Amino acid sequence: MKNVQLVLNAILSKEMFHYIQIDEEMKIISYSYGVEKYFPDIEQMAQITGSDIREYLPELVGSEKEIEELFWVYNASFDLDTINKNGYYIDLTIQYCGDKSLLITIQDNTNIIRAQQKLLQSNNELTLLQNALQKVFDQQNALMFVVDNYKIKFANQKFTEHFQQNSIEEINKMNFEIYKSYDENFESYEDLFLTLSGKAGYITIEDEDFVIQASKLDITHKLITLTKIQN
Amino acid sequence: MIRKKILLIGDFNVGKTSLIRRYVDNTFDDKYLTTIGVKISKKLVEVDGEECELLIWDIEGATELKKIPLAYMKGASGAIFVGDVARMETIEHIDKHIRTFLESNPNSKYVIAYNKADMLSDAQLETFECGEKTFFTSAKENLNVDEMFKKLTSEMLT
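Small disclaimer: the values here were computed from a predicted structure and weren't measured.

So, how was this worked out
- Residues numbered from 1 in each chain as written.
- Chains lettered and ligands numbered in written order.
- Predicted model: local features only at pLDDT ≥ 70, side-chain atom pairs only at ≥ 80, totals over all residues.
- Heavy atoms only, no water.
- Helix = DSSP H or I, 4+ residues; strand = E, 2+ residues; numbered from the N terminus.
- Rg over C-alpha atoms; globule rule 2.2 N^0.38 Å.
- Buried < 20%, exposed > 50% of the residue type's maximum accessible area, 1.4 Å probe, protein only.
- Contact = heavy atoms within 4.5 Å.
- Areas by Shrake-Rupley, 256 points an atom, 1.4 Å probe, with all protein chains shown as cover.
- Lys, Arg positive; Asp, Glu negative; His and termini not counted.
- Charge placed at Lys NZ, Arg CZ, Asp CG, Glu CD.
- Salt bridge = Lys/Arg side-chain N within 4 Å of Asp/Glu carboxyl O.

A.B. asks: Break down the overall build of chain A for me, citing the residues and quoting the values.
C.D. replies: For chain A, the helix and strand inventory stands at 7 helices and 10 strands. Rg of the C-alpha trace for chain A: 31 Å, well past the compact-globule value of 17 Å for 231 residues, more than 25% over. Here the C-alpha coordinates of chain A stretch approximately 90 × 30 × 30 Å along the principal axes. In chain A, which comprises 231 residues, the share counted as buried stands at 42%. Counting only contacts in chain A whose residues sit at least 6 apart along the sequence, the fraction spanning at least 24 positions is 39%. As presented, chain A carries roughly 13600 Å² of accessible surface, and 48% of it is formed by carbon and sulfur atoms. Computed over 20 positive and 36 negative side-chain charges, the separation of the two mean positions in chain A equals 4 Å.

A.B. asks: Pulling in residues and values, what's your account of the pattern of salt bridges?
C.D. replies: Following the criterion strictly, the structure yields 15 salt bridges over all chains and no others. As a salt-bridge pair, Arg54(A) and Glu64(A) come within 3.0 Å of each other at their nearest N and O atoms. Taken together, the residues Arg54(A) in the loop between strand E2 (28–31) and helix H2 (64–69) and Glu64(A) in helix H2 connect sequence positions 10 residues apart. By relative accessible area, Arg54(A) is classed as buried at 18%. The class for Glu64(A) is partly exposed, based on a relative accessible area of 26%. A salt bridge links Asp30(B) to Lys140(B); the nearest nitrogen and oxygen atoms lie 3.9 Å apart. Here Lys140(B) lies in the loop between strand E6 (134–136) and helix H6 (145–157) and Asp30(B) lies in the loop between helix H1 (16–25) and strand E2 (38–47), a separation of 110 residues in the sequence. According to the relative accessible area criterion, Asp30(B) is exposed, its value standing at 58%.

Shown next as structure tokens:
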């Protein structure tokens, strides 16, 4: 066992992996050097040999049945991913390792997960902002939509309701070239935008008359507003 | 000592972490920091003279694309389903979260937190349909947080 531990310690020396070996009663038998950094209240891991692993990994509470099965189900493993321990992010894998013991492998993914966290944070904030903007647009009486040169990228509720579609995807499937309703020679929303040149125009779509206005959002995107003319 | 595993489940940015921080440390921070994976907090409580350690799992917000891993769900004695009263879609998703949780833990107890209640008026809160498991909570103003955890703990131990 001592040799195995030396080999493992060498493999684990890059500190991306650690291990804890436990017995049938979930008591700690051995561990790799440095594993204490994941446990906030421990200075000396040596003190915890013989302790119940659940004291230090309460994440295992409730999974005792699955862990017990590892002793008699061949080649089985129990995985618990992306656990925040003392500021580190770790993945746990538990497998049978002989001598009536289990090996808990701790893989440190802190750098990767911190990068993921930043991406997720940005994505979530963007989603919140998008939802808030959608609500603002949906409260407008006009039909509003955002286009690039050829396709509709965003539309408010009034727009989708008017054209009896549930989503932008459905609208774009219809090959909705509104710019051609203004002038059939137009080839893109850019043509429509340049013609309107910041002024209001008139357009008839499916026998209904609208006042149309377009404003530039960035180099390719325009916001187009259609206000229905009541006859 | 009895140990009980409790999960906090809900969409992102509904205030799961804030509810835990309020309950465990009695603190609150307005800044939104997305939880990734899971983080466990412990709280020692006494119910009918008996000590119980609550292991409270703060789980990353569930989305359509990212479901809660089954391994997180296993062995939970209880759950708190959290929605944000200012974002109706997060309240509407609670039923789905409950169904998923009960598939793994059919005998577990749960309560529902309609969180960020401080953002709405009393008249607006009255428009919500509530059952006896539902609490209007605010981690910011410490509204009903202890009461909700107490109710869940008491149900888990009976």
